[in-house]
Amino acid sequence: MAAADTFSISTPIFYVNDAPHIGHAYTEVAADVLARWNRQSGRDTWSLTGTDEHGQKILRTAVANGVSPKEWADKLVDEAWVPLLKTIDIQNDDFIRTTEDRHESVVQAFLQKLYDTGFIYDGEYEGFYCVGCEEFKQHGDLVEGAGEFDGQLVCPIHGRPVEVLKEKNYFFRMSDFQQRLLDLYESQPDFLQPDSVRNEIVSFVRRGLDDLSISRQSFDWGVRVPWDDSHVVYVWFDALLNYISALGWEPTADAPAFERFWPSNHIVGKDIARFHSVIWPAMLMAADLPVPRRVFAHGWLLVGGEKMSKSKLTGIAPSQITDVFGSDAFRYYFLRAINFGQDGSFSWEDLSARYQAELANGFGNLASRVVSMVGRYCDGILPAATEVTAAEERIHEVLASAVARAEGAMDRFAIHEALAAIWTVVDELNGYLTEQEPWKVAKDEERTARLHTILYTAADGLRALAVLLSPVTPQATQKLWRALGAESALGSLTDQRIPDAGVWGQLPAGAVVSPMEGLFPRIEQEAAV
RNA sequence: GGGGCGGUAGCUCAGCUGGUUAGAGCAGUGGACUCAUAAUCCAUCGGUCACGGGUUCAAGUCCCGUCCGCCCUACCA
């Protein structure tokens with residue numbers, strides 16, 4: 001079991017059938033910010049992402065494109081999914097692909113263990129299968145087709161006809177775990193969040209669970225069932241195991257990384273919450289392994305009031321945003337504007353407005369004015385604070401409170417709340433400068449000490465902001481860190497501990513404050529439609 | 001059919017276990033200021049809290065019903 005001071009987190013592994021859109025990027029960014037935050041909070045941290053590459057859908061796509069499924073997967077991983085991580089500045093510790101040996105061997109070992117312990121049996125399954133969903137459908141789930149599929153039964157999600165499949169399958173005794181799952185949801189309420197998703201899953205499980213068909217015979221693009229190579233493992237059963245295969249789990253031998261970092265926190269979209277909160281913990285229970293620390297389901301990105309989708313042409317590539325606003329702005333915007341866990345509206349207007357108001361005019365301009373004044377009035381040498389008044393004490397209090405609230409919020413994965421708390425410091429410092437009017441104080445030679453106190457206070461406030469915002473806007477805060485001359489005295493930015501960020505007076509007087517490019521330059525209007 | 005979530009200022013959203021004149025940000029308007037990215041700060045305009053009943057000394061906040069949106073789930077066939 002992982003020790004108390006560790007933190008491990010995963011994104012879903014993404015299906016390599018399409019190019020990434022901002023919904024995928026949103027998930028990645030959220031997990032990345034939580035990982036960076038926890039790492040900077042002093043926890044032994046590990047973050048995982050990767051790709052899901054098996055299944056009939058990918059096989060068919062590859063065939064349609066005239067390549068082997070592995071070639072298809074390689075191409076998408078190299079050209080789309082790995083580059084995505086760079087586009088949005090993800091700092092993952094590992095990247096797992098389900099076609100890697102280290103994964104497939106774990107899938108087989110896990111399956112064999114369940115087979116040996118009686119949790120898997122063979123049976124026959126006949127049903128309607130949707131290739132798009134990679135799952136069997138109940139008759140009632142299907143709808144009448146229209147247009148070219150008139151008269152046929154089609155999958156309501158994909159709008160394409162389902163196929164009647166009858167095959168020998170291996171089944172996992174998931175039904176055995178109904179009560180243990182219900183007990184889990186009840187005894188550990190934060191196992192599955194937010195509550196809206198939790199409620200749905202609880203009522204779903206209460207109705208009873210069927211055993212799960214976990215093998216397929218009709219195609220061969222998947223992990224072989226170890227004792228029967230005419231079957232491949234059902235893609236979801238395969239995919240979920242990435243969370244422990246990446247940690248090197250083994251059924252018999254010790255696995256140091258697994259011991260150190262399992263159980264993980266899983267960030268998922270709410271569409272796949274059920275796989276992660278029902279099937280996955282049941283699998284782990286069967287194998288006598290700890291269930292995940294937490295499954296957190298985030299909401300949809302809504303574009304024009306509707307769930308973003310490629311088919312409706314509302315799909316947006318992350319680079320469309322980062323090319324204009326940069327990766328920091330992408331990361332900040334989606335985490336600040338959307339209640340993590342709820343659906344959230346995306347619009348270019350809102351993105352543009354928040355960039356301008358909060359990043360450029362708020363944080364960026366604050367940094368500019370402080371750095372500029374230290375340069376102008378103190379020759380770029382940070383002065384000392386000597387006379388602390390109520391105004392400075394007020395700043396200290398706001399900062400301490402912001403740190404405490406941000407930490408509490410991040411522990412609950414309420415990322416938007418944490419950002420709102422941190423931003424009170426930005427607003428307070430801007431107000432402080434306007435009220436203290438250091439540009440006027442500078443004209444009075446008898447008030448030099450006062451001037452120095454004001455500038456020091458503002459600069460040390462920026463130091464705290466750089467630390468607190470480093471997980472969210474790593475590029476801009478690094479620029480600021482350098483400009484403040486903090487590195488030589490305090491060390492690198494990412495080594496600064498978040499719990500200590502509110503301790504006042506860390507920037508040493510005498511630090512060399514150097515001119516700085518704007519953290520968030522104004523964006524010309526035509527770029528944002 | 002059963003269930004969940006949401007419907008609060010022009011826009012995006014807060015409002016916990018019911019309690020003074022319903023809040024924030026953005027946008028709008030007026031003013032102050034000039035260190036700064038034509039930035040900042042202050043003030044101000046703006047809401048029948050979807051609708052109709054009910055409980056209560058008191059209800060966005062609880063109960064019932066209706067309408068709208070999204071979602072989970074079931075079934076007739």
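Residues numbered from 1 in each chain as written. Chains lettered and ligands numbered in written order. Predicted model: local features only at pLDDT ≥ 70, side-chain atom pairs only at ≥ 80, totals over all residues. Heavy atoms only, no water.

**Q** Requested: an account of the overall build of chain A, with residues and values cited.
**A** Helix and strand content of chain A: 19 helices and 18 strands. Taking 24 Å as the expected radius of gyration for a compact globule of 529 residues, we find that chain A reaches 26 Å, a close match to that expectation. When the 529 residues of chain A are sorted by exposure, 55% land in the buried category. Long-range pairs, those at least 24 residues apart, make up 77% of the contacts in chain A with a sequence separation of at least 6. Within the structure as shown, chain A displays about 22000 Å² of accessible surface, and the carbon and sulfur contribution to it stands at 47%. With 47 positive and 75 negative side-chain charges, chain A shows a spacing of 3 Å between the two charge centroids. (Helix = DSSP H or I, 4+ residues; strand = E, 2+ residues; numbered from the N terminus. Rg over C-alpha atoms; globule rule 2.2 N^0.38 Å. Buried < 20%, exposed > 50% of the residue type's maximum accessible area, 1.4 Å probe, protein only. Contact = heavy atoms within 4.5 Å. Areas by Shrake-Rupley, 256 points an atom, 1.4 Å probe, with all protein chains shown as cover. Lys, Arg positive; Asp, Glu negative; His and termini not counted. Charge placed at Lys NZ, Arg CZ, Asp CG, Glu CD.)

**Q** Outline the packing of helix α12 (residues 327-337) against helix α15 (residues 415-436), listing residues and values.
**A** At a closest axis distance of 7 Å, the pairing of α12 and α15 adopts a crossing angle of 105°. In terms of their interaxial angle, α12 and α15 are classed as roughly perpendicular. From α12, Tyr332, Leu335 and Arg336 reach across to α15, where they touch Ile415, His416, Leu419, Ala420 and Trp423. Per-class residue counts for the contact of α12 with α15 are 6 nonpolar, 1 polar and 1 charged. (Axes fitted to C-alpha atoms, helices over the stretch in contact; angles between N-to-C directions. Parallel < 35°, antiparallel > 145°, perpendicular 65-115°, else oblique. Nonpolar A, V, L, I, M, F, W, Y, C, P; charged D, E, K, R; others polar.)

**Q** Could you give an account of the packing of helix α11 (residues 318-325) against helix α13 (residues 348-378), with specific residues and numbers?
**A** Running from amino to carboxyl end, α11 crosses α13 at an angle of 30°, the nearest separation of the two axes being 12 Å. By the angle between their directions, the pair α11 and α13 is classed as roughly parallel. Where α11 crosses over α13, the two elements pack in a sense that is right-handed. Judged by residue contacts, Gln320, Ile321 and Phe325 of α11 engage Trp348, Leu351, Ser352 and Tyr355 from α13. For the contact of α11 with α13, the per-class residue count stands at 5 nonpolar, 2 polar and no charged. (Left-handed = near helix turned anticlockwise from the far one by under 90°.)

**Q** Go over the sheet that holds strand β14 (residues 265-269), please, and point to the residues and values.
**A** In spatial order, the strands read β3-β2-β1-β14-β15-β9; together these 6 strands make up an open sheet with parallel pairing. Edge positions in the open sheet fall to β3 (94-97) and β9 (192-193), since each of these has one partner strand only. In this sheet, β14 lies alongside strand β1 (residues 6-15) in parallel orientation, the contact comprising 2 bridges. Within β14, the residue paired with serine 10 across the bridge is histidine 266. The sheet strands contacting helix α1 (residues 22-40) are β1, β2 (44-52), β14 and β15 (294-298), and the helix crosses β1 at an angle near 165°. This element, helix α3 (residues 69-87), spans β1, β2 and β3 of the sheet and lies at about 155° to β3. (Pairing = 2+ DSSP bridges.)

**Q** Tell me what's going on with the packing of aromatic side chains, and back it up with residues and numbers.
**A** Across all of its chains, the model carries 31 aromatic pairs by this definition. Arranged with centres 6.1 Å apart and planes meeting at 50°, the rings of tyrosine 26 and phenylalanine 334 form a pair that is tilted. Taken as a pair, tyrosine 26 in helix α1 and phenylalanine 334 in helix α12 lie far apart in primary sequence, 308 residues in all. When sorted by exposure, tyrosine 26 lands in the same class as phenylalanine 334, which is buried. Aromatic side chains phenylalanine 172 and phenylalanine 237 sit 6.0 Å apart centroid to centroid with 70° between the ring planes, which places their arrangement in the edge-to-face category. Placement of phenylalanine 172 in strand β8 (residues 163-172) and of phenylalanine 237 in helix α7 (residues 235-240) is noted, with a sequence separation of 65 residues between them. (Phe/Tyr/Trp six-rings, centres within 6.5 Å; stacked < 30°, edge-to-face > 60°.)

**Q** Could you give an account of the environment of proline 12, with specific residues and numbers?
**A** In this structure, proline 12 sits in strand β1. Through-space distance from the C-alpha of proline 12 to that of leucine 240 is 8.6 Å; in sequence the pair is 228 residues apart.

**Q** Explain the sheet that holds strand β12 (residues 224-225) to me, and be specific about the residues and the numbers.
**A** Within the open sheet, the 3 strands sit side by side as β11-β13-β12. Their pairing is antiparallel. This sheet does not close on itself; its edge strands, each paired only once, are β11 (215-216) and β12. Pairing of β11 with strand β13 (residues 228-233), which is carried by 2 bridges, proceeds in the antiparallel orientation. Bridging across to β13, arginine 216 finds its partner in valine 232.

**Q** Now, about helix α10 (residues 273-286): what can you tell me, with residues and values included?
**A** With 14 residues, α10 should cover 20 Å at 1.5 Å per step; its first-to-last C-alpha distance of 19 Å lies within 8% of that length. Remark: the principal bend of α10, roughly 25°, maps to tryptophan 280, with a proline, proline 281, within the next four residues. Downstream of α10 by one or two residues, aspartate 288 has phi in the positive range, about 65°. (Expected span 1.5 Å × (residues − 1). Bend = angle between axes of the 7 residues up to and from the residue.)

**Q** Outline unusual backbone geometry, supporting the account with residue identities and numerical values.
**A** With an omega dihedral of -5°, the bond running from glutamine 193 to proline 194 counts as a cis peptide bond. Within the fold, proline 194 resides in the loop between β9 and α6 (195-206). A cis amide bond links tryptophan 262 with the next residue in sequence, proline 263, at an omega value of 10°. Relative to the helices and strands, proline 263 is located in the loop between α9 (256-261) and β14.

**Q** Summarise the pattern of salt bridges; cite the residues concerned and give the values.
**A** Inspection of every chain in the model, using the stated rule, returns 24 salt bridges. Linking aspartate 93 and arginine 39 is a salt bridge whose minimum nitrogen-to-oxygen distance equals 2.8 Å. Taken together, the positions of aspartate 93 in the loop between α3 and β3 and arginine 39 in helix α1 put the pair 54 residues apart, joining distant regions of the chain. Here arginine 412 and glutamate 417 are joined by a salt bridge, their closest N and O atoms 2.7 Å apart. With relative accessibility at 46%, the residue arginine 412 sits in the partly exposed group. Taken together, the salt bridges that share partners define one network made up of Asp32, Arg36, Asp89 and Arg331. (Salt bridge = Lys/Arg side-chain N within 4 Å of Asp/Glu carboxyl O.)

Treat this as a map of the structure, not an account of what it does.
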